[in-house]
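Report on the structure
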Amino acid sequence: MTLSVKYLQAKQKEGGGHVGDKGQSEKNLGDCKKSESPTRCYCVCHSNADRAAVQPAGLDKETGQPLHTASEHVPSPGESQAKKPSLASRLSEKVQTSLDSDCEKDEDFRSDRKRLRTAGFKSQKRQRTQQGVIFIDDEPELEKETSDPQSWRTASSNQAAGLSSSCSASEPCSRCPCASDKDMLKDKDKDGRKKIPKIFFGTRTHKQITQIAHELKRTVYSGVHMTILSSRDHTCVNADVAPHFNRNERCKDLLEAKDGRSCRYYHGVQRMREQHTLQWVHGLREAWDIEDLVTLGKRLRACSYYAARELMQGASIIFCPYNYLLDPMIRESMEIDLAGQILVLDEAHNIEDCARESASYTLELATLQSSRDELDGMVNSNIRRSKHEPLRDFCYVLINWIQESQELLSERGFESASKVWSGKDTLSIFHSLGITADTFSNMKQNLASVLEKEERVGVVNGKEDMVLVPTIGSSTATVLKNLFMVLDYLYRDNCRFAEDYRVALQRSYTWTNQVPPDVPDAQGFLVRPRARHRQSIRVKREVLTLSFWCLNPAVAFSDLSATVHSIVLTSGTLSPMASFSSELGVKFTIQLEANHVINKSQVWVGTVGAGPQGQKLCATFQHTETYTFQDEVGALLLHVCQVMSKGVLCFLPSYKVSPPAEPSVLKDKTETSN
């Protein structure tokens, strides 16, 4: 290797022009850069493929030399010497092939290792040659081994057969850096830098994010770029939106300025949308919590909800509830792209239920009828008629099928009836209604078209001006998106997930408050009392609900496993691992079951049959309602809290068992004991 490096250095000095003429050498270097053109790939497998293409078909019986046909060109000794690869080219081949073997592994998550040659190194040389790897110091022995023409022919044919399936001389192969050029371009961002995977840390609730952020602040990574994704319920700072029940609709109305008003906090997002500004200008240099961001948003009069979303672009770790990662609708609305990212899901024993809920959807008939009416208005107003009309017809078909299927409902309980179809049966019914995979694909394109904002020339106050084309409301868009999400799962991969769904039509009744209509008096006048004196009446209303139930968590989890870089699931109750892995439809190659932090000698499991007063603790439905049982359980818990000086964690089977007064009493007692 030392001789090879020195030889390369000598060749570089010979080809560098006048070494002392610095300006001339820089000029030549600049000319070389300007005249740079795509060069032929000189990787080992390409060169082997070229040599295999011109190998002789046979040998002369007398001389033992390779035979040449009339159409073949017999090279002269000078030409053969000129075409023989030099030591420098072979060294570059070695570097490229070593780079190729490293590129196949992930450099970001692998420590550097030196290649050590074992005792069986020489016996593996021929195998390495067939794999397209050649070491320069192996050349003499390789030439000696293949000096015989017959063996040379056999080795070459084996190389050609092995290389023909993976690469050719005219196209990039999979064994050298020339094939990874396009992949490297895909792995770079807009600035040309290598993309670094982001870490999405999912928890079950927002409260757990507070605990994790507090623990992150105690580590050496407390200054890492981060953000926390949450709903408007936790981050909205606008006094006109926060008190409303439906904050999402109110926020969107302000952003679209439907009533002539806009959100002034949204226009101040640029004050806190950058990571370096957040850390070095506003003082959030260590790991922060949602409350810290909300407090900063109120002080700067900036929207902390959209600021958290903007901070996601430059963040290295993103905290969020894990339904933000599993639910495809939330991922779309929050603009979360999980391709090539790292997912860490804490408390993952709840991930199965969350995955099933994410791929399910339930809507009422009244909501579907409201969406149909809005689409009908768009069609009658001739607004993107060709796009809105198929969506309106889809709603009409679905509504008619629901109304006709009421006759199939069977009584299930008091004032409730239902009918359940399997996924396969539902697809057959939809096919008879004209809803197929092809029509569904067209409807998805129509929905994407009607949601796009478009401006057209119109007349405003007698003058031509650019007018924004009206679009459907957010409620109708949400209904259609959720319906199309379920249909997408049903039709995906030749209806692979059809049997994992159940479609249910349910009828129930609800009581609503309704203000009685105004009735004229004897003289025909309408006398309306004041609002506080008007008495509403209770009205019984029928409710028809169409539900798409996903029974398999692997349906929603398939979106993650197919795109992300890696998934890490952590929990204290994931066993048994095999059934958990099969439920999610993902094979986890790395599994760890750690021992408990508490020694077995410190754990005691038992039952307490009686309380301090000697009363038996029989927690049946008849006994839990009695004051005797409740007083005995309360006395028992009080005694345990007084004995255990380090605190007590108590679980109750239901909220009904724990009256509102008891938790505060227990809390006071526990704090006193601490």
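As a reminder, the structure under discussion sits directly above these lines.
Predicted, not measured: the structure shown is a model, and the values here were computed from it.

The secondary structure content of the chain amounts to 28 helices and twelve strands. Counting every position in the chain, which comprises 674 residues, the buried fraction comes to 33%. Of the contacts made within the chain by residues no fewer than 6 positions apart, 71% connect residues no fewer than 24 positions apart.

Applying the stated rule across the entire model yields eight aromatic pairs. Taking 5.7 Å as the distance between ring centres and 50 degrees as the angle between the ring planes, the aromatic pair formed by F201 and F319 counts as tilted. Taken as a pair, F201 in strand β1 (residues 199-203) and F319 in strand β3 (residues 317-321) lie far apart in primary sequence, 118 residues in all. For F201, a relative accessible area of 17% corresponds to the buried category. Through a chain of ring-to-ring contacts, three or more aromatic side chains come together here, namely F394, F440, F484 and Y491.

On to the sheet that holds β1. Spatial ordering of the open sheet is given by β2-β3-β1-β4-β12, a layout of five strands whose pairing is parallel. Each of the sheet's edge strands pairs with one partner strand only, and the pair in question is β2 (226-228) and β12 (566-569). If you compare each strand with its neighbour and ignore which way they point, the axes differ by 15 degrees on average. By the bridge criterion, four bridges tie β1 to strand β4 (residues 342-345) in an arrangement that is parallel. Of the residues in β4, the one forming a bridge with F200 is L343.

Bringing unusual backbone geometry into the picture now. Residue P576 is reached from S575 by a cis peptide bond, and omega for that bond is 0 degrees. Structurally, P576 is set in the loop between β12 and α25 (577-584). Phi is positive for R384, which is not a glycine, with a value near 45 degrees. Within the element layout of this structure, R384 appears in the loop between α19 (365-380) and α20 (385-404). Phi at N494 is positive, roughly 55 degrees, even though this residue is not glycine. Relative to the helices and strands, N494 is located in helix α23 (residues 474-495). The exposure class assigned to N494 is exposed, which follows from its relative accessible area of 75%.

Taken together, the side chains of V597, I598, V603 and V605 present a nonpolar region at the surface, about 430 Å² in accessible area. Here I598 is to be found in the loop between α25 and α26 (621-624).

Most of helix α24 (residues 554-561) is tucked away: seven of the eight residues are buried. Of all the residues in α24, the buried ones are A554, V555, A556, F557, S558, D559 and L560.

With respect to topology, five strands assemble into an open sheet ordered β5-β11-β10-β7-β6, the strand pairing being antiparallel. Only two strands of the sheet have a single neighbouring strand rather than two, namely β5 (361-364) and β6 (410-413). In this sheet, neighbouring strand axes are inclined to one another by 35 degrees on average, regardless of whether the strands run parallel or antiparallel. Both β5 and strand β11 (residues 537-550) contribute to a ladder of four bridges, which runs antiparallel. Residue pairing across strands places Y361 opposite F548, the latter belonging to β11.

A separate point is the pattern of salt bridges. Within the structure shown, the criterion is met by 17 salt bridges. Among the salt bridges present, the one from E310 reaches R273, with a minimum N-O distance of 3.1 Å. Of this pair, E310 sits in helix α15 (residues 304-311) while R273 sits in the loop between α12 (247-256) and α13 (275-280), placing them 37 residues apart in sequence. Overall, the relative accessible area of 33% leaves R273 in the partly exposed class. In this structure, R392 engages D376 in a salt bridge whose closest nitrogen and oxygen atoms are separated by 3.1 Å. In this pair, R392 is assigned in helix α20 and D376 in helix α19, connecting sequence segments 16 residues apart. For R392, a relative accessible area of 14% corresponds to the buried category. Put simply, R331, K444, D488, R492 and D559 are held in one network by salt bridges that share partners.

Moving on, we get to α20. Since the α-helix packs 3.6 residues into each turn, any two residues three or four apart lie on the same face. Along its 20 residues, α20 runs 28 Å from first to last C-alpha, staying within 8% of the 28 Å computed at 1.5 Å per residue. Of the residues making up α20, those classed as buried are H388, L391, R392, F394, C395, L398, I399, W401 and I402.

Conventions and cut-offs
The numbering scheme is per chain: residues are counted from 1 as the chain's sequence reads. The predicted origin of the model limits local features to residues at a pLDDT of at least 70 and limits the giving and counting of side-chain atom pairs to 80 or more, whereas totals for whole chains, interfaces and linings rest on all residues. Excluded from the side-chain calculations are hydrogens and water; all other atoms, namely the structure's heavy atoms, are used. Elements are defined by DSSP. Helices are runs of H or I of four residues or more, strands are runs of E of two residues or more, and each kind is numbered from the N terminus. To sort residues, take the accessible area from a 1.4 Å probe on protein chains only and compare it with the maximum for the residue type: under 20% means buried, over 50% means exposed, and anything in between is partly exposed. Two residues form a contact once any of their heavy atoms are found within 4.5 Å. Pairing of aromatic rings covers Phe, Tyr and the six-membered ring of Trp, with a centre-to-centre limit of 6.5 Å; geometry is then stacked below 30 degrees between planes, edge-to-face above 60, and tilted otherwise. Two strands make a pair as long as DSSP finds a minimum of two bridges between them. Here the axes come from fitting lines to C-alpha atoms, over the contacting stretch only for helices, and the angles between their N-to-C directions go from 0 to 180 degrees. Put simply, a patch holds well-exposed residues, over 30% relative accessible area, that have no salt bridge, with like charges counted together within 9 Å and Val, Leu, Ile, Met, Phe, Trp or Tyr side chains within 5 Å. Note on areas: these come from Shrake-Rupley sampling with a 1.4 Å probe, and a residue is covered only by the protein chains present in the view. Salt bridges are defined as contacts in which a side-chain nitrogen from Lys or Arg sits within 4 Å of a carboxyl oxygen from Asp or Glu. To estimate how far a helix should reach, multiply one less than its number of residues by 1.5 Å.

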